[in-house]
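Results of the structural survey
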Amino acid sequence: MVSSIMKRVLYVDLTEQTFHYQPVDMSLYPHWLGGKGLGLKMMVDMGLVDQDPFSPENPLIFVTGPFTGSLVQTSARMALVTKSPLTGSCLDSHVGGHLGPQVKRAGIDALVIRGKSASPVVLHVSPLKVDFLDARRLWGKGKFDTEDELLKRIPGSRVACIGPAGENRVRFSVIGTSRHRQFGRGGAGAVMGSKQLKAVAFSGEEKITYHDEKLFRELAAQLTKDVVAHPNRQLRYTHGTNWWTRAGHEQGQFLPTRNCRDGQFEGYATLTSEYFREHYGWKSKGCFNCAIQCAKVAKWSDRELEGPEYETVAWLGSNCGISDPEVLMEANLLADDLGLDTISLGATIAFAMEAYEKGILTGSDTDGMELAFGNGPALLDCVRRIAARRGLGDLLAEGTRIASQKIGKESDYFALQTAGMELSGVNIKGSASMALGLATADFASHTRIWSATAEMNGELDFKNTPEYVANAQDEVNLRNSLIVCDFVPYGNDRLAPLYEAATGIPMTPEKLMAAGARIFALARMFNLRNGRTRADDRVPRRYLEETHIAGIFKDRKLTPEKFNQWLDAYYKQRGWDNNGVPTNELLQTQGLTRI
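Everything in this summary refers to the structure shown in the same document.

Procedures and definitions
- Residues numbered from 1 in each chain as written.
- Predicted model: local features only at pLDDT ≥ 70, side-chain atom pairs only at ≥ 80, totals over all residues.
- Heavy atoms only, no water.
- Axes fitted to C-alpha atoms, helices over the stretch in contact; angles between N-to-C directions.
- Helix = DSSP H or I, 4+ residues; strand = E, 2+ residues; numbered from the N terminus.
- Parallel < 35°, antiparallel > 145°, perpendicular 65-115°, else oblique.
- Left-handed = near helix turned anticlockwise from the far one by under 90°.
- Contact = heavy atoms within 4.5 Å.
- Nonpolar A, V, L, I, M, F, W, Y, C, P; charged D, E, K, R; others polar.
- Pairing = 2+ DSSP bridges.
- Phe/Tyr/Trp six-rings, centres within 6.5 Å; stacked < 30°, edge-to-face > 60°.
- Buried < 20%, exposed > 50% of the residue type's maximum accessible area, 1.4 Å probe, protein only.
- Lys NZ or Arg CZ within 6 Å of the ring centre and 35° of its normal.
- Expected span 1.5 Å × (residues − 1).
- Core = buried A, V, L, I, M, F, W, Y, C linked by side-chain atoms within 4.5 Å.
- Salt bridge = Lys/Arg side-chain N within 4 Å of Asp/Glu carboxyl O.

1. Points about the packing of helix α19 (residues 465–482) against helix α20 (residues 492–503)
Relative orientation of the contacting elements α19 and α20 amounts to 30°, with a least axis distance of 12 Å. In terms of their interaxial angle, α19 and α20 are classed as roughly parallel. Considering only the axes of α19 and α20, their crossing is left-handed. Between α19, through Glu475, Leu478, Arg479 and Leu482, and α20, the contact on the second element is made entirely by Asn492, Leu495 and Tyr499. Its residues placed into classes, the contact of α19 with α20 shows four nonpolar, one polar and two charged.

Written out as structure tokens, the structure is:
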């Protein structure tokens, strides 16, 4: 059957330096869609659930969706599935840019990498061929130089690579592409570094076909017209994601500030999209086949950066008390080149700053560095130390969960993580619904759930939040499997016909949502197998013991009792028991078995 699915999976063994291809199991697609769903199901079916994240057996699964590289708006995206060294749970991280379409042009839907190379290596994947290239000369280099060198060596390719942070197994290191695009959250770069895999280059000119090409082209063309005309497109084209800096400060009052003690930052004005456009010549830039063009390119001195994005502004900027935009951009540039997730990086540095302020960390821990909120040189020094695991950086490279456990002295109160993942998106004291969404997600990232807009607009209350959160999480899962960007402002009624026209697989909006829920249940069982319990479905005490600034609990506390009421209602909505375990009835309905 003609389809946008390439029908081929490539398996690579780094230990033996061998590879082979297998036909993709087409029966998986109606239930798992592609992308995250397909990658997670493959990992479970291979029995790869209990492995240590740094063991050779832990797979790196680069996986596309049926929409990847197609005519559908925002079809650049692809997923990376593995077991996270930061959380010890399943991880799916996503990237835009141009890598995903090139993976499809290499003739595959997914690349599964296992084993560990005896020395640093680069994989070059082209149609029906894999080359194992010596990477000893590249080991130790930043991502920018690595990518530049490989693009010269393999013209026309697209590259995914790690920096020194990944080589040093920093638990929140990234895999990067197109210089400033990252498989960002959860530490996939450290998994790649543990395999001594410096980079993967993809090349090829395989064509993507469609089951009903005429219908697919018509539907995709209409979606493009509607996206271009949508007011959200103009907002993101003009301001990018960083419009949330002003909105988070002025409207939501949830802008992360000084390790989320505050939700408003007195220095926010120099971190807004308006300021970057006026002073640093922000210009819009898009991923493959994207009319939204939310990315922005800034220039200053002899520097150029794609960014900064809102999450970087929030966590490396205001959350660390930094109002100097050039310090922030320099930190962003360093993180991109060294290979660090700017969200976990900022959250971890802010944790250390508060520990220093409280006297838990002292000058003897910091080699005399004054690790104070707002100290730009200290921030930049900390970024370098973490990537190199030098001095205090070696502790902080473990992430806030392990760092707070080692430091002790009740530092867990302000270690803002859930099950090992540094929280992102907002200061929960201004958006309580995000507490429930982050605490129950497969990992606690804003990439799993964004309820802040609905709460800010008064659409959520204590009663309707659990249902809203569950549905929103399922929606994200299905989009991360098709794969289509969160910023496409249209729903499943538009996506289901496109999926069917592309693949020939019958699809409805209801089937898409059912697939999203099924993927969520499988991820939950994976995490339960790895020790997740109800006790882990929580947020840090700061958010439960301090008065909220805005949102549902404005001027009140989201007490542990109230949070547990939410958790009970959420579990019931999901079809889980009181311990957060999917019931037998639910699993039977979803066609699942326990892991």
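What follows continues from the structure just given.
2. Describing the sheet that holds strand β4 (residues 78–83)
Taking strand neighbours across the sheet as the criterion, the six strands line up as β2-β1-β6-β3-β4-β5 in an open arrangement whose pairing is mixed. A single partner strand is all that each edge strand has here, and the edge strands are β2 (18–23) and β5 (90–95). Strand-to-strand twist in this sheet, taken as the mean axis angle between neighbours without regard to direction, amounts to 20°. Of the strands in this sheet, β1 (8–13), β3 (60–63), β4, β5 and β6 (110–114) touch helix α2 (residues 35–45), which is tilted by about 30° from β4.

3. Observations concerning the packing of aromatic side chains
A complete count under the given rule lists 19 aromatic pairs for this structure. Taken together, a centroid distance of 6.2 Å and an interplanar angle of 65° make the contact between phenylalanine 62 and phenylalanine 202 edge-to-face. Highlighted residues: phenylalanine 62 in strand β3 and phenylalanine 202 in strand β12 (residues 197–202), separated in sequence by 140 residues. Taking relative accessible area as the criterion, phenylalanine 202 reaches 0% and is therefore assigned buried. One aromatic cluster is present, built from ring pairs that chain together Trp243, Trp244, Phe254 and Trp450. Directly above the aromatic system of tyrosine 21 lies the positively charged group of arginine 8, at a separation of 6.0 Å from the ring centroid. Over the aromatic face of phenylalanine 520 sits the side chain of arginine 574, whose NZ or CZ is 3.9 Å from the ring centroid.

4. Quick look at helix α12 (residues 325–338)
Its 14 residues place the ends of α12 20 Å apart at the C-alpha level, agreeing with the 20 Å of an ideal helix rising 1.5 Å per residue. Buried residues dominate α12, accounting for 12 of its 14 residues. Among the residues trailing α12, glycine 339 stands out with phi positive, at a value near 95°.

5. Focus on the pairing of strand β7 (residues 121–126)
The element β7 is largely enclosed, with a buried count of six among its six residues. In β7, alternate side chains face the same way, and those of Val121, Leu123 and Val125 on one face and Val122, His124 and Ser126 on the other are all buried. The loop that links β7 with its antiparallel partner strand β8 (residues 129–134) comprises two residues; one of these, leucine 128, has a positive phi angle of about 65°.

6. Structural notes on the pairing of β3
The alternating pattern of β3 places Leu60 and Phe62 and Ile61 and Val63 on opposite faces, both of which are buried. Relative to β6, β3 runs antiparallel, the two being bridged by four bridges. By the bridge assignment for β6, valine 63 is matched with alanine 110. Bridging between β3 and β4 involves three bridges; their strand directions are antiparallel. Counted as the bridge partner of valine 63 is alanine 79 from β4.

7. A short note on the sheet that holds strand β13 (residues 283–285)
Spatially, β13-β14-β15 is the arrangement adopted by the three strands of the open sheet, whose pairing is antiparallel. A single partner strand is all that each edge strand has here, and the edge strands are β13 and β15 (303–306). With strand direction ignored, the average angle separating the axes of adjacent strands in the sheet is 25°. Examined bridge by bridge, strand β14 (residues 295–300) and β15 share four bridges and lie antiparallel to one another. Its bridge partner lying in β15, valine 297 is registered against glutamate 306. Its contacts with the sheet place helix α10 (residues 273–280) against β13 and β14, and it is angled at close to 45° to β14.

8. Considerations on the nonpolar core
By size, the foremost hydrophobic cluster in this structure holds 128 residues, and its most contacted members are Phe62, Leu111, Ile113, Ile175, Val200, Leu340 and Ile349. It is helix α13 (residues 342–357) that provides the largest number of residues to this core, a total of nine residues. Discounting chain neighbours no more than four positions away, the residues touching phenylalanine 62 are Met78, Ala79, Leu80, Asp109, Ala110, Leu111, Ile113, Ala160, Ile175, Phe183 and Val200. Tyr11, Phe67, Cys287 and Met507 belong to the second-largest nonpolar core, a separate cluster that totals 59 residues.

9. Quick look at the environment of alanine 190
In this fold, alanine 190 is placed in helix α6 (residues 188–194). Separated by 15 residues in sequence, alanine 190 and isoleucine 175 place their C-alpha atoms 8.6 Å apart. When neighbours within four sequence positions are excluded, alanine 190 is seen to be in contact with Phe54, Pro85, Gly166, Arg169, Val170 and Ser173.

10. Examining the pattern of salt bridges
Per the stated rule, a full pass over the model turns up 43 salt bridges. Notably, a salt bridge pairs aspartate 367 with arginine 385, separated by 2.9 Å at the nearest N-O pair. One end of the pair, aspartate 367, is in the loop between α13 and α14 (376–388); the other, arginine 385, is in helix α14, with 18 residues separating them in the sequence. Taking the relative accessible area as the measure of exposure, aspartate 367 reaches 55% and is therefore exposed. Residues arginine 389 and aspartate 394 are paired through a salt bridge, measuring 2.9 Å at the closest nitrogen-oxygen approach. Among the residues examined, aspartate 394 registers a relative accessible area of 38% and is labelled partly exposed.

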